[in-house]
2 protein chains.
Amino acid sequence: MYDSNMSVTVALSKSPAELGTLATQFKALGDPTRLDLMMNVATSADSEACVCDLTPDTGLTQGTVSHHLRILVEAGLLNRDQRGKWSYYSLTDSAKNILSSLNLSISSNKTKSSSC
Amino acid sequence: MYDSNMSVTVALSKSPAELGTLATQFKALGDPTRLDLMMNVATSADSEACVCDLTPDTGLTQGTVSHHLRILVEAGLLNRDQRGKWSYYSLTDSAKNILSSLNLSISSNKTKSSSC
DNA sequence: TACTCAAATTGATACTTGTCAATGTATGAT
DNA sequence: ATCATACATTGACAAGTATCAATTTGAGTA
């Protein structure tokens, strides 16, 4: 029997909670500076970079760059690994999935060239 | 000859301009309400929905929903098709690519059930 | 024409955010 | 112990944003 107003269960592939974290990640990637930082990390030698390497390209102050990196970490897009005086940032698996899904994956043969 | 500071050309898969529009799209998807709207459009019968159908679920006023839809249209994520008194919104190809890449594609067997 | 309905727009307001300058913190070197 | 370096944090401020209430626009209808 056909009912033009019947309600239908729709199989969403993500739960509301997952959609929430996804929105947070989109929001984090929605700032041009932060998207740029992500690309710079992705193309860095050993797939990691420290703040002093990332800062110059942005044209922003070190404090502001740290601020953006923190947002990316909190969104689950970057890992922070402090070794000695430096903080090394690298892509999380989640970030790799998103970027590679969107054909943003990058292969780099950069060699290390730190400015600090 | 090895030079630890040599500069290396990196093959980025997106131009700066493309990254800019991508950031705009991420920003648009970064709002929970707008991500929800996108999912609701995606799961709508005929893959399109009008404002009066989308508004109730949001708990927001009609004007605010129109505002969010405009942002999604300007980001190139939704098409607007005005037919009669109604504006029908549907996913753009760009939006389909993004959502399906992230396993957010949805198959719906909803039947039309308009509230206006 | 006058009226109704769907949607867009406007103006106002509270809240969020990106940024800098300055300061704090922790690590390693002299 | 003192100092320098790398990074994080704080406070302040301008700019942007989400929201609502109210109004306007535009299309169909009586």
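Look up: the structure comes first, before these words.
No experiment lies behind these values; they were computed from the predicted model shown.

## Regarding the overall build of chain A
Piece 1. In terms of regular secondary structure, chain A is built from five helices and three strands.
Piece 2. Its helices and strands taken in sequence order, chain A reads α-α-β-α-α-β-β-α from the N to the C terminus.
Piece 3. Looking at chain A as a whole, 39% of its 116 residues are labelled buried.
Piece 4. Long-range contacts, defined as pairs at least 24 residues apart, comprise 58% of the intrachain contacts of chain A with a sequence gap of at least 6.
Piece 5. Total accessible area on chain A stands at roughly 6400 Å², and carbon and sulfur atoms take up 48% of it.

## Points about helix H3 (residues 51-58) of chain B
Residue and element names in this part refer to chain B.
Piece 1. Inspection of H3 places Val51, Leu54 and Thr55 among the buried residues, and these make up the whole buried set. In an axial view of H3, the angular spread of the buried residues amounts to 110°, which keeps them on one side of the axis. What points out from H3, more than 90 degrees from its buried face, is the exposed set Pro56 and Asp57.
Piece 2. Among the structural elements, helix H2 (32-42), strand S1 (48-50), helix H4 (62-74) and strand S3 (86-91) are those in contact with the buried residues of H3.
Piece 3. Downstream of H3 by one or two residues, Gly59 has phi in the positive range, about 75°.

## Here's the deal with the pairing of strand S3 (residues 86-91) of chain A
All names here are of chain A.
Piece 1. With respect to burial, S3 is a largely interior element, five of its six residues being buried.
Piece 2. Relative to S3, strand S1 (residues 48-50) is paired through three bridges, and the arrangement is antiparallel. Bridged to Glu48 within S3 is Ser90.
Piece 3. With six bridges joining them, strand S2 (residues 78-83) and S3 adopt antiparallel strand pairing.

Scoring rules and cut-offs
- Residues numbered from 1 in each chain as written.
- Chains lettered and ligands numbered in written order.
- Predicted model: local features only at pLDDT ≥ 70, side-chain atom pairs only at ≥ 80, totals over all residues.
- Heavy atoms only, no water.
- Helix = DSSP H or I, 4+ residues; strand = E, 2+ residues; numbered from the N terminus.
- Buried < 20%, exposed > 50% of the residue type's maximum accessible area, 1.4 Å probe, protein only.
- Contact = heavy atoms within 4.5 Å.
- Areas by Shrake-Rupley, 256 points an atom, 1.4 Å probe, with all protein chains shown as cover.
- Arc of directions from axis to C-beta.
- Pairing = 2+ DSSP bridges.

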